[in-house]
Amino acid sequence: MKFVIAGASAAGINAAKALRQLDPGADITMVSKDDRIYSRCIMHHHLKGKRTLDQLNFVVPNFITDNNIKWLKDTAVTKLDAAKNELSLSDGSQLAYDKLLLATGSSTFFPGGIKNLNDAKSGVIGFRNIDDCVKIKDLASDPKVNNIVVLGAGLVGIDVIEGLLGFGKNIALVEASTHMLNKQLDMRAARAYEQAFTIAGVKQYFGTMAVELELDAAYAVKQVVLSSGARLPCELFIVTSGVRPNVDFLEGSGVVYDEKGLVFDKFGKTSVDNVYGAGDISGRSPIWPAAVKEGIIAAYNMLGRPLEQTDFFASKSTMNFLNIATMSLGIPEPPDSSYNVEIDFDDKGNYKKILHKDGEIKGAILQGDLSYSGILTQLIKEKINVSRVKKPLFKVDYSDFFGEFNF
């Protein structure tokens, strides 16, 4: 049986690894636009000089050859014909398969509402792949570039900013929402990072949007105009405000996708029996651990060995910007008054918050001391009804899970 994997990042690589472990004789072909294996989560380490390009690799040396994988590098999938079990590739060739995994990830979304954005010939870039990372590092090293504006205060945007701090440039952050990392943190937890980046010299503009790029005679960016009326000098405009799944090649294939991305179930199965999906291409769980698990789950099911995704949280992030450690699970704020919110904090910067409804934990934030994360994980794993816990939630310890329960 011939297995084809489209994509060579977290989902694709872990699927290939699982396929080889489960079936030593499997015929595995991987096709990707990338010509190297690297972790997008740590690209900012290359920006700051902490890692070389080779050190972004997250697999063992000789992974491809040792696992007998045929890898078609620098090659994009341009069309899928699910009826013929065939992919069309950017080099003009066709690739047949028996089972197919779609793990092509996502790309930077450049907002259409910014005047002159599409006319800029230099100074505008995303931060989604290794080529972006190398270009940004080169541009940030250019003495002609003094002002950098980053659009978007999500995880990727903050990664970029932390990576750029050592270049001695004027850095500004523009975010439409009220605070940094709004999908992961509440305003209190975000404030710790905002204050730290302010001390580091980063100017921050929240509750406003970029509406225009002013270009010079050579169509290079020279200024960013905000909806608030502020005008920011800029020679390098980095867009991290959103991504779009790479699904264009699915048009007319019969494989179902929606406005978010590829649709697949808890077994990784799409609407077509022998086509599976994993990772950012879904547009639903854009985090590394989810992509890894989805790739492994898809591999098992491609081999007819049922395995399903059982994680409760679509969103789970652990971050450590400017030496401030934080973990976020699920939702950071209650969507309505039916949720219970429990908070604990001290004057040392340690902050804990749990959101629960009907006894089920729906979200949590830990900042500073993360030692409670083990207890939190145990509460979730054991499906403890926290509304019935007899002691304060933040006083629960490991002894409560053994012997005489206090739940």
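Basis of the calculations
- Here the residue numbers are simple positions, counted from 1 along each chain's written sequence.
- In view of the model being predicted, local features appear only for residues whose pLDDT reaches at least 70, and side-chain atom pairs are presented and counted only at 80 or more, with totals across whole chains, interfaces and linings using the full set of residues.
- For side-chain calculations, the full set of non-hydrogen atoms in the structure is used, while hydrogens and water are omitted.
- Summary of the burial criterion: residues with accessible area below 20% of their type's maximum are buried, those above 50% are exposed, and those between are partly exposed, where the area comes from a 1.4 Å probe applied to protein chains only.
- Helix and strand labels come from DSSP, where a helix needs a run of H or I of at least four residues and a strand needs a run of E of at least two; each type is numbered from the N terminus.
- Two strands qualify as a pair provided that DSSP identifies no fewer than 2 bridges between them.
- Take the number of residues in a helix, subtract one, and multiply by 1.5 Å to get its expected span.
- Working rule for contacts: check all heavy atoms of both residues, and any pair within 4.5 Å makes them a contact.
- For helices, the fitted axis covers only the stretch in contact; all axes are lines through C-alpha atoms, and the angles between them, taken along N-to-C directions, range from 0 to 180 degrees.
- We call two N or O atoms a polar contact when they sit within 3.5 Å, provided that within protein one can donate a hydrogen and the other can accept it, with sequence-adjacent residues counted only if both atoms are side-chain atoms.
- A side-chain nitrogen of Lys or Arg and a carboxyl oxygen of Asp or Glu constitute a salt bridge if their distance falls within 4 Å.
- In this analysis, a patch consists of residues with relative accessible area above 30% that form no salt bridge, clustered at 9 Å for like charges and at 5 Å for the nonpolar side chains Val, Leu, Ile, Met, Phe, Trp and Tyr.
- With residues, only the protein chains shown are counted as cover, and all accessible areas are computed by Shrake-Rupley using a 1.4 Å probe.
- Here the arc refers to the set of directions running from the helix axis out to each C-beta atom.

Some details on the pairing of strand E3 (residues 69–72)
Moving on, step 1. Burial of E3 is one-sided: the residues Ile69 and Trp71 facing one way are buried, the residues Lys70 and Leu72 facing the other way are not.
Moving on, step 2. Inspection of the sheet shows strand E2 (residues 27–31) paired to E3 by four bridges, in the parallel sense. Residue pairing for E3: Met30 is matched across the bridge by Trp71.

Section: the environment of Gly252
Moving on, step 1. Its location among the elements puts Gly252 in the loop between strand E17 (243–245) and strand E18 (275–277).
Moving on, step 2. Its relative accessible area of 80% is what places Gly252 among the exposed residues.
Moving on, step 3. Taking the C-alpha atoms as reference points, Gly252 and Lys79, separated by 173 residues in sequence, lie 8.7 Å from one another.

Re helix H1 (residues 10–22)
Moving on, step 1. Taking 1.5 Å of rise per residue, the 13 residues of H1 would be expected to cover 18 Å, and the 18 Å separating its terminal C-alpha atoms lies within 8% of that figure.
Moving on, step 2. Most of H1 sits out of view: 10 of its 13 residues are buried.
Moving on, step 3. Within H1, burial applies to Ala10, Ala11, Gly12, Ile13, Asn14, Ala15, Ala16, Ala18, Leu19 and Arg20.
Moving on, step 4. Lining the buried residues of H1 we find strand E1 (2–6), E2, helix H3 (63–66), E3, strand E7 (99–102) and helix H7 (288–302).

A few points about the sheet that holds strand E10 (residues 147–151)
Sheet strands pair via backbone hydrogen bonds, and the direction of the pair is either parallel or antiparallel.
Moving on, step 1. Pairing in this open sheet of five strands is parallel, and the strands run E9-E16-E10-E11-E12 from one edge to the other. Two strands close off the open sheet at either side, each with one partner strand: strand E9 (124–126) and strand E12 (203–206). Averaged over all pairs of adjacent strands, the angle between their axes in this sheet comes to 20°, without regard to strand direction.
Moving on, step 2. As paired elements, E10 and strand E11 (residues 170–175) share five bridges and run parallel to each other. Paired with Val149 across the bridge in E11 is Ala172.

Some remarks on the sheet that holds strand E20 (residues 324–330)
Moving on, step 1. A sheet is described by the order of its strands in space; here five strands give the open sequence E19-E20-E23-E22-E21, paired in antiparallel fashion. Every other strand in the sheet has two partners, leaving strand E19 (316–321) and strand E21 (340–345) as the edge strands with one partner each. Each adjacent strand pair in this sheet contributes to an overall mean axis angle of 10°, direction not counted.
Moving on, step 2. Looking at chain direction, E20 and strand E23 (residues 360–367) are connected through five bridges and run antiparallel. Residue pairing across strands places Ser328 opposite Ile365, the latter belonging to E23.
Moving on, step 3. Contacting E19, E20, E21, strand E22 (351–357) and E23, helix H6 (residues 187–199) runs over the sheet at an angle of about 150° to E20.
Moving on, step 4. Each of E20, E22 and E23 touches helix H8 (residues 373–381); the most contacted strand, E23, lies at about 170° to it.

As for the side chain of Asn246
Moving on, step 1. Position of Asn246 relative to the elements: it lies in the loop between E17 and E18.
Moving on, step 2. Of the polar contacts made by the side chain of Asn246, one reaches the backbone oxygen of Thr104; its length is 2.8 Å.
Moving on, step 3. The residues touching Asn246, leaving out its near neighbours within four places in the chain, are Thr104, Gly105, Ser106, Ser107 and Ile281.

Description of the pattern of salt bridges
Moving on, step 1. A full pass over the atoms with the stated rule returns 11 salt bridges.
Moving on, step 2. With a shortest N-O distance of 2.3 Å, Asp258 and Arg284 are connected by a salt bridge. Pair noted here: Asp258 is in the loop between E17 and E18 and Arg284 is in the loop between E18 and H7, with a separation of 26 residues, a long-range link.
Moving on, step 3. Here Glu308 and Lys266 are joined by a salt bridge, their closest N and O atoms 3.4 Å apart. With a gap of 42 residues between them, Glu308 in the loop between H7 and E19 and Lys266 in the loop between E17 and E18 connect regions that are remote in the sequence.

Brief notes about a nonpolar patch on the surface
Moving on, step 1. Taken together, Val341, Ile343 and Phe345 make up a surface patch of nonpolar side chains, about 270 Å² in accessible area.
Moving on, step 2. Following the sequence through the fold, Phe345 ends up in strand E21.

Digging into the side chain of Gln184
Moving on, step 1. The topology assignment puts Gln184 in the loop between E11 and H6.
Moving on, step 2. Looking at Gln184, the relative accessible area reads 10%, which means it is buried.
Moving on, step 3. When sequence neighbours within four positions are dropped, the list of residues in contact with Gln184 reads Leu155, Ser317, Met319, Ser328, Pro332 and Ile365.

Considerations on helix H4 (residues 130–140)
Moving on, step 1. By the burial criterion, the buried members of H4 are Ile130, Asp132, Cys133, Ile136 and Ala140. For H4, the arc enclosing every buried residue in end-on projection is 155°, short of the 170-degree limit, so these residues lie on one face.
Moving on, step 2. Structurally, H4 contributes buried residues whose contacts are with helix H2 (43–47), E9, E10, helix H5 (155–164) and strand E16 (236–239).
Moving on, step 3. The backbone nitrogen of Asp131 lies 3.1 Å from a side-chain oxygen of the residue at the head of H4, namely Asn129.

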